[in-house]
Number of protein chains: 2
Amino acid sequence: MNTQAHSPAAGDGTVGKALDVLDLVAAFGRPVRFSAILEASPLPKATLYRMLQTLTNQGMLTQDPDTQAYALGLRLVRLAHEAWRQSSLAPIARPFIDALAAEVQETVHLAQMDAGQVIYVDKRNATDPIEMFSQAGKVGPAYCTGVGKAMLAHLTPDRLQDALSRQSFHDHTPATLDTAIKLMRELDDIRASGVAYDREEHEPGIICIAAPILSSPARVIGALSITTSTARHALDTLDGFKPALLRAAEDIGGAAHDWQFPSDDPSAHSPS
Amino acid sequence: MNTQAHSPAAGDGTVGKALDVLDLVAAFGRPVRFSAILEASPLPKATLYRMLQTLTNQGMLTQDPDTQAYALGLRLVRLAHEAWRQSSLAPIARPFIDALAAEVQETVHLAQMDAGQVIYVDKRNATDPIEMFSQAGKVGPAYCTGVGKAMLAHLTPDRLQDALSRQSFHDHTPATLDTAIKLMRELDDIRASGVAYDREEHEPGIICIAAPILSSPARVIGALSITTSTARHALDTLDGFKPALLRAAEDIGGAAHDWQFPSDDPSAHSPS
DNA sequence: CGGTTGGTTCCACATATTGAAACCGCATCT
DNA sequence: AGATGCGGTTTCAATATGTGGAACCAACCG
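Residues numbered from 1 in each chain as written. Chains lettered and ligands numbered in written order. Predicted model: local features only at pLDDT ≥ 70, side-chain atom pairs only at ≥ 80, totals over all residues. Heavy atoms only, no water.

- Named according to an unreviewed UniProt entry, chain A is IclR family transcriptional regulator originating from Pseudaestuariivita atlantica.

Put into structure tokens, the structure is as follows:
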């Protein structure tokens, strides 16, 4: 019934609260002491205390022995390593992204959708060395990024509805599509052309061309983008990347599909 | 009382179980269906079911709509992004690692210790492009890796004891130090010389020189290693890297210290 | 069409979580 | 020194939560 997913104030049971605490600690972005967490949390002192202890025991948090500040634990990193491997299509997409980045000599992003937000799971920077984990895991808005729009455009109606309801439509730049109506119209174009553009809608001077990655029939499982700046490319020259981008996106989609249904999955899916 | 930290069968409360389930799913390394998890878990059907539902609600797991297989969720990736930023010293160490890798033209690892295990939080591969997240988050044994031994050597007695009790002492290669006694003896040498070697103890043909990263008085907060193969370097030529390695380790330790105690922390620590 | 596997829901019971209040240690203030 | 306050830890009864055996439903298979 409850279409509402997590995000703040999800509140299923004890683990919900525990995870909220994790988010809370994460939000600080640096080690925090007990009292700081306390006043940011709705939980009463004693409860929070035990929760923190439990989480620390579990390795989800670590507590500095000197300053007794809590920070996210390494178990999380360990888990995430797995999460990244299995839940994201990053590992599958890797070779294609490498190739694409090398070919176009621009920054390439691989993103997925989570709770209406875009989450970058990989990035290849053709010029600079690399940015690594510092980028993977980053989240961003869906309504004003190329990858976000590319994915939105190919969502099923109900999922789109859900996703739209989560957008905050803040005006990042003058070009930002700041209403659901404008966005919807653009999504039609995107569906038609097969690619989405970010026309400095998120950050001034930054533009990109993005394509959805589709699996099986027509499920979006991610998006791929080539990002550059107005200093390097005019908006309309972005189309030069279109063939390479689309090819890479298709290749990744195909690879993902093959990986999901190697040939033996007994409880298969509805015929394609 | 219970020195035992997490790992399987930790069992504090509900969240403990929830996290165990996460580990379980992670262990599969690929999306798994309900029944598969069920038979790997001690939990009864109904309980596990609700647990999975909760975790899915919370975004810690995702369930494929077609095959209803569970996989680690993107929220985890998001959290880990933060965890990596704040709990690990990777972000601080980054520039130093880059420099070191460039200087020595060999693979450089940055690792930390968690529950007696080594966890790699960063890696720089001087020759190949990069390995990214695919490496960060990886865990390995402490007793037979350079970084592991370097950290063990500088643990406080009680922590060392705890860590040792968690080692499994499996013979990876003929050179593996397979008993606590042998290991202890080696730790003395490491303390004396300031660096640890991996003499093909983990993988044949792979050798490394590692140094602990120390903060404030004498707390190990991580370790740094330069890894190469017997094909490229003889064991005794590794010493050539020693100065650069030690310098980098010291620099990182210093930077971490400055970062931890910028200058204003009111509830400071014992005078340094 | 009946048997089986795989997943979901019920419900009485027990356990784990709750949170006000008391407590401790330690630094600071007078 | 002695008092005061703040940050962190512990206790304990009330109760909300999670538990898990068993029944249930659906879909697939023979």
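Next comes the rest of the account.
**Details of the packing of helix α1 (residues 13-28) of chain B against helix α3 (residues 45-57) of chain B**
Residue and element names in this part refer to chain B.
- One can describe the packing of α1 onto α3 by two numbers: an axis separation of 10 Å at closest approach and a directional angle of 80 degrees. In terms of their interaxial angle, α1 and α3 are classed as roughly perpendicular. Residues Thr-14, Lys-17, Ala-18, Val-21 and Leu-22 of α1 pack against Leu-48, Met-51, Leu-52 and Leu-55 of α3.
- Here the contact of α1 with α3 is built from residues that sort into 7 nonpolar, 1 polar and 1 charged. (Axes fitted to C-alpha atoms, helices over the stretch in contact; angles between N-to-C directions. Helix = DSSP H or I, 4+ residues; strand = E, 2+ residues; numbered from the N terminus. Parallel < 35°, antiparallel > 145°, perpendicular 65-115°, else oblique. Contact = heavy atoms within 4.5 Å. Nonpolar A, V, L, I, M, F, W, Y, C, P; charged D, E, K, R; others polar.)

**Details of the nonpolar core**
- One finds Leu-224 of chain A together with Leu-224 of chain B to be the most contacted residues of the largest nonpolar core, which totals 109 residues.
- Ranked by the residues each element gives to this core, the list is headed by helix α1 (residues 13-28) of chain A, at 8 residues. (Core = buried A, V, L, I, M, F, W, Y, C linked by side-chain atoms within 4.5 Å. Buried < 20%, exposed > 50% of the residue type's maximum accessible area, 1.4 Å probe, protein only.)

**Some thoughts on the protein's contact with DNA strand C**
- Every one of the 15 residues lining DNA strand C counts as a neighbour, but Arg-50 of chain A together with Thr-14, Ser-35, Lys-45 and Tyr-49 of chain B are closest to it.
- Between DNA strand C and the protein, one listed contact pairs a phosphate oxygen with a side-chain N or O atom of Arg-33 of chain B at 3.4 Å.
- Ser-35 of chain B places a polar main-chain atom, nitrogen or oxygen, 3.0 Å from a phosphate oxygen of DNA strand C.
- Those elements giving two or more residues to the surface near DNA strand C turn out to be α1 and α3 (45-57) of chain A together with α1, α2 (34-40) and α3 of chain B.
- Classifying every residue of the surface near DNA strand C by side-chain character gives 5 nonpolar, 6 polar and 4 charged. (Near = heavy atom within 4 Å. Polar contact = N/O pair within 3.5 Å; in protein donor to acceptor, adjacent residues only side chain to side chain.)

**Description of the sheet that holds strand β8 (residues 219-229) of chain A**
Residues and elements named next belong to chain A.
- The antiparallel open sheet is built from 6 strands, whose spatial order is β5-β4-β3-β8-β7-β6. In this open sheet, the two strands that pair with only one neighbour each are β5 (139-141) and β6 (196-199). Each neighbouring strand pair of the sheet contributes to a mean axis angle of 35 degrees, computed without reference to strand direction.
- One ladder, built from 3 bridges, connects strand β4 (residues 117-124) with β5; its direction is antiparallel. By the bridge assignment, Gln-117 is partnered in β5 with Pro-141. (Pairing = 2+ DSSP bridges.)

**Some remarks on the confidence of the model for chain A**
All names here are of chain A.
- Overall, the prediction assigns chain A a mean pLDDT of 82, with 86% of residues at 70 or greater.
- Summarising per-element confidence for chain A, the mean pLDDT is lowest in helix α4 (residues 74-87) (81) and highest in helix α6 (residues 146-153) (94).
- Throughout residues 1-9 the model reports pLDDT below 50, and contacts reaching past four residues in sequence, or to other chains, amount to 16 contacts.
- Segment residues 262-272 is flagged for pLDDT under 50; beyond a separation of four residues in sequence, or across chains, it makes 5 contacts in the model. (pLDDT = per-residue confidence, 0-100.)

**A few points about the packing of aromatic side chains**
Residue and element names in this part refer to chain A.
- Using the criterion set out here, one finds 4 aromatic pairs over all chains in the structure.
- Relative to Phe-169, the ring of Tyr-143 lies with its centre 5.0 Å away and its plane at 50 degrees, an arrangement referred to as tilted. Highlighted residues: Tyr-143 in the loop between β5 and α6 and Phe-169 in the loop between α7 (157-165) and α8 (180-193), separated in sequence by 26 residues.
- Exposure remark for Tyr-143: the relative accessible area of 1% places this residue in the buried category. (Phe/Tyr/Trp six-rings, centres within 6.5 Å; stacked < 30°, edge-to-face > 60°.)

**Observations regarding the environment of Ser-41 of chain A**
Residues and elements named next belong to chain A.
- Summarising the element assignment, Ser-41 is placed in the loop between α2 (34-40) and α3.
- For the pair Ser-41 and Lys-17, spaced 24 residues apart in sequence, the C-alpha to C-alpha distance is 9.9 Å.
- A polar side-chain atom of Ser-41 sits 3.1 Å from the main-chain amide nitrogen of Leu-43.

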